[in-house]
Amino acid sequence: MSSHPEVPPSPWAEPFPGPPASVRSSLIRLQEDLRRADDSLVRLLGAWRPDGREVPGQFVEFWEGREAQARRLYELEYGARTSLMGFQSGANTVAPVPSTLAAPEDVTPEEEEEAEEARDADAEPPWRKDGNPHAAYRVVVDRAFLTEPAALRALDERLAAGHQVRVVDQPLIKLLIADEETAMVQLEAGRSMVLGPPLVRLAVELFESVWQRSRPYLREDGDLDPTDRRLLQLMLSGLTDAATAHQLGTSPRTVQRRLRALMDAASVSSRVQLGWYAMRNNWV
C-alpha cells in the first residue's frame, strides 16, 4: 500500500475544526435511542413463549442448535421472492463469514471441480452461496462484523452483486427479514425466533429506523481510492490500527502512514477531525 494516496486537494485553507459539541451530543443520543430500541425488541421476543413451545395461530417458531438455525436461515434467504433486509454482527457461529463467500480464495477452480466429482452422488447438494437473484438485498453491518475474518471480502462480494450495504457504530442483533413477511431474530448463540405477521412488523420498523441512520459502506462517487474508503470506514467504526491492518492485509505502520496522508490532504490534525471531514465531503 502506497503511503501517498491520490486524493483530491482540500478546499479548506484553514485546519478543519471538527464537529461542534452540540452535533456530537445529538449523534450520541441517536446511538443510545437505537440501542434501546434494539434491546427492547430482544427482551420482548425473549419473553414470548420462553418455554420454546409453538402455539397455533401465534406465528412464532423457535429454532435451536447451529445446524437447525443455519438451515432455516438458508430457507428464508433463498425462498424470498422480492426483498431481503438484514443486520449482520460479529461472533457468527451459525454462518461464519468465510463460509458464506461465493469463491474462497484458497480453492482453485480445479480443486473445486475435483471436490464436486468426489462428492457422493446420493449426498445432499451443497448450499448455494451466490445470493438470491430474485430478491433486492439491504444489509446493515456493525463494528463487530467488520472485525470478522474475511468481512471486507464478503462485503465486496455483496456490492459486486448489487446489494445495498450500510454501516452503523452501535451493536446490532442478528436479523433477517424476507419479503417483509417473515423475520428471523437470533436471541442468543444457540437459539433463534422466527416471526410471521403481525409480529414481523416490529422487526421491519426496527430495520428501517436503523437504515435511515446508517451510512453507506462504500460510496462509488468521488476520486478517493477504494482502499482509502475502506480504511476510513474501518477507522470510523472504531477498529484499532492492528485490526484495520488485518482486514486490509497490511501492517499497522502502513495504516498509520495512510491515515496521516489523508489527514494532510484534508488539512486536519486529528482522526476525529478526519472522520468528520470524510463524512461531510462524501469520502465515505
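Undergrad: Can you lay out the overall build of the protein for me, pointing to particular residues and giving the numbers?
TA: Looking only at helices and strands, the protein features 11 helices and 8 strands. Counting only residues that meet the buried cut, the protein has 40% of its 284 residues in that class. Sequence-distant contacts, at least 24 apart, represent 75% of the contacts inside the protein between residues at least 6 apart. Per element, the accessible surface of the protein, about 15,300 Å² overall, is 52% carbon and sulfur.

Undergrad: Give a detailed account of the packing of helix H8 (residues 226–236) against helix H11 (residues 271–280), specifying residues and quantitative values.
TA: Look at H8 against H11: their axes get within 10 Å of each other, and the N-to-C directions meet at 120°. Here H11 runs oblique to H8, going by the angle between their axes. Seen from above, H8 lies across H11 with left-handed handedness. Facing H8, whose interface residues are Leu232, Met235 and Leu236, H11 presents Arg271, Leu274, Gly275, Ala278 and Met279. Of the residues contributing to the contact of H8 with H11, the split by class is 6 nonpolar, 1 polar and 1 charged.

Undergrad: Quick rundown of the packing of aromatic side chains? Include the residues and the values.
TA: Counted according to the given criterion, the structure contains 5 aromatic pairs. Relative to Phe207, the ring of Phe87 lies with its centre 5.4 Å away and its plane at 25°, an arrangement referred to as stacked. Of this pair, Phe87 sits in strand E2 (residues 83–88) while Phe207 sits in helix H7 (residues 200–213), placing them 120 residues apart in sequence. Summarising the aromatic geometry, the rings of Tyr277 and Trp283 are spaced 5.0 Å apart at their centres and angled 80° between planes, so their arrangement reads as edge-to-face.

Undergrad: Which residues make up H11, and what are the values?
TA: Those residues of H11 lying buried are Gln273, Leu274, Gly275, Tyr277 and Ala278. Here the buried face of H11 lies against H8 and helix H10 (252–266). Among the residues trailing H11, Asn282 stands out with phi positive, at a value near 60°.

Undergrad: Describe the packing of H8 against H10, listing the residues and the values that go with them.
TA: Across the interface, H8 lies against H10 with an axial gap of 11 Å and an inter-helix angle of 100°. The pairing of H8 with H10 is recorded here as roughly perpendicular in orientation. Contacts between H8 and H10 pair Asp228, Leu231, Leu232 and Met235 from the former with Val255, Arg258, Leu259 and Leu262 from the latter. Split by residue class, the contact of H8 with H10 holds 6 nonpolar, no polar and 2 charged.

The rules behind each value
- Residues numbered from 1 in each chain as written.
- Predicted model: local features only at pLDDT ≥ 70, side-chain atom pairs only at ≥ 80, totals over all residues.
- Heavy atoms only, no water.
- Helix = DSSP H or I, 4+ residues; strand = E, 2+ residues; numbered from the N terminus.
- Buried < 20%, exposed > 50% of the residue type's maximum accessible area, 1.4 Å probe, protein only.
- Contact = heavy atoms within 4.5 Å.
- Areas by Shrake-Rupley, 256 points an atom, 1.4 Å probe, with all protein chains shown as cover.
- Axes fitted to C-alpha atoms, helices over the stretch in contact; angles between N-to-C directions.
- Parallel < 35°, antiparallel > 145°, perpendicular 65-115°, else oblique.
- Left-handed = near helix turned anticlockwise from the far one by under 90°.
- Nonpolar A, V, L, I, M, F, W, Y, C, P; charged D, E, K, R; others polar.
- Phe/Tyr/Trp six-rings, centres within 6.5 Å; stacked < 30°, edge-to-face > 60°.

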